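These are the residues of each chain, in order.
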Amino acid sequence: MEYELENGCLTICVPKELDHHQANRLRSEADLLIENCHVKKIVFDFSETEFMDSSGIGVIIGRYKNMNFYGGEVQAKNLNGRVEKIFAVSGLKKIIKVE
């Protein structure tokens, strides 16, 4: 996973496949950064992502809940057609701003 932290904004470059194994890793690494670096905004960058299962959806919802608790926000960008459809069907588009 690649992360970029700048001015309280954590950009997470989501991997090509966000499945159960990758989701666990992303969850733990992101939570560590959120807690230790005073993150106020998370941007999920899906430019490389081709596949995401329910584990990936869970990671995004979990980070959304964490950021809401801390008064922060979550955004997503560079969604391809497949990932955008997952966002629409799962309801993620209703809670997360998509650029």
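Our subject is the structure listed above.
Cut-offs and rules
Residues numbered from 1 in each chain as written. Predicted model: local features only at pLDDT ≥ 70, side-chain atom pairs only at ≥ 80, totals over all residues. Heavy atoms only, no water. Helix = DSSP H or I, 4+ residues; strand = E, 2+ residues; numbered from the N terminus. Expected span 1.5 Å × (residues − 1). Buried < 20%, exposed > 50% of the residue type's maximum accessible area, 1.4 Å probe, protein only. Arc of directions from axis to C-beta. Contact = heavy atoms within 4.5 Å. Phe/Tyr/Trp six-rings, centres within 6.5 Å; stacked < 30°, edge-to-face > 60°. Pairing = 2+ DSSP bridges. Salt bridge = Lys/Arg side-chain N within 4 Å of Asp/Glu carboxyl O.

**Examining helix α1 (residues 20-37)**
Its 18 residues give α1 an end-to-end C-alpha distance of 25 Å, which sits within 8% of 26 Å, the value for a rise of 1.5 Å per residue. Those residues of α1 lying buried are Ala23, Leu26, Ala30 and Ile34. Here the buried residues of α1 occupy an arc of 65° about the axis, which is enough to place them on one side. Away from its buried face, by an angle of more than 90 degrees, α1 presents the exposed residues His21, Leu32 and Glu35. Those residues of α1 that are buried are in contact with β1 (2-6), β2 (9-13), β3 (17-18), β4 (41-45) and α2 (54-69). Once α1 ends, the next one or two residues include histidine 38, with phi positive near 50°.

**Digging into the packing of aromatic side chains**
Across all of its chains, the model carries 3 aromatic pairs by this definition. Relative to phenylalanine 46, the ring of phenylalanine 44 lies with its centre 6.3 Å away and its plane at 35°, an arrangement referred to as tilted. For the pair shown, phenylalanine 44 and phenylalanine 46 are each scored as buried. Aromatic pair phenylalanine 69 and tyrosine 70: ring centres 5.3 Å apart, planes at 80°, arrangement edge-to-face. For phenylalanine 69, a relative accessible area of 68% corresponds to the exposed category. Take tyrosine 70: its relative accessible area is 45%, and that puts it in the partly exposed class. The rings of Phe44, Phe46 and Phe87 are connected pair by pair, giving a single aromatic cluster.

**So, the sheet that holds strand β7 (residues 97-98)**
Pairing is mixed across the open sheet formed by 5 strands, whose spatial order is β1-β2-β4-β6-β7. Of all the strands in the sheet, the pair left with one neighbour each is β1 and β7. Relative to strand β6 (residues 73-77), β4 is paired through 5 bridges, and the arrangement is parallel. When the bridges of β6 are listed, isoleucine 42 appears paired with valine 74.

**Here's the deal with the environment of glycine 72**
Positionally, glycine 72 belongs in the loop between α2 and β6. Those residues in contact with glycine 72 that sit more than four places away from it in its chain are Lys40 and Met67.

**Quick notes on the pattern of salt bridges**
Per the stated rule, a full pass over the model turns up 4 salt bridges. As a salt-bridge pair, glutamate 50 and lysine 16 come within 3.9 Å of each other at their nearest N and O atoms. Placement of glutamate 50 in the loop between β4 and β5 (51-52) and of lysine 16 in the loop between β2 and β3 is noted, with a sequence separation of 34 residues between them. A residue is classified by how much of its surface remains accessible, and glutamate 50, at 42% relative accessible area, is partly exposed. A relative accessible area of 46% places lysine 16 in the partly exposed class. A salt bridge links glutamate 29 to arginine 25; the shortest N-O distance between them is 3.0 Å.

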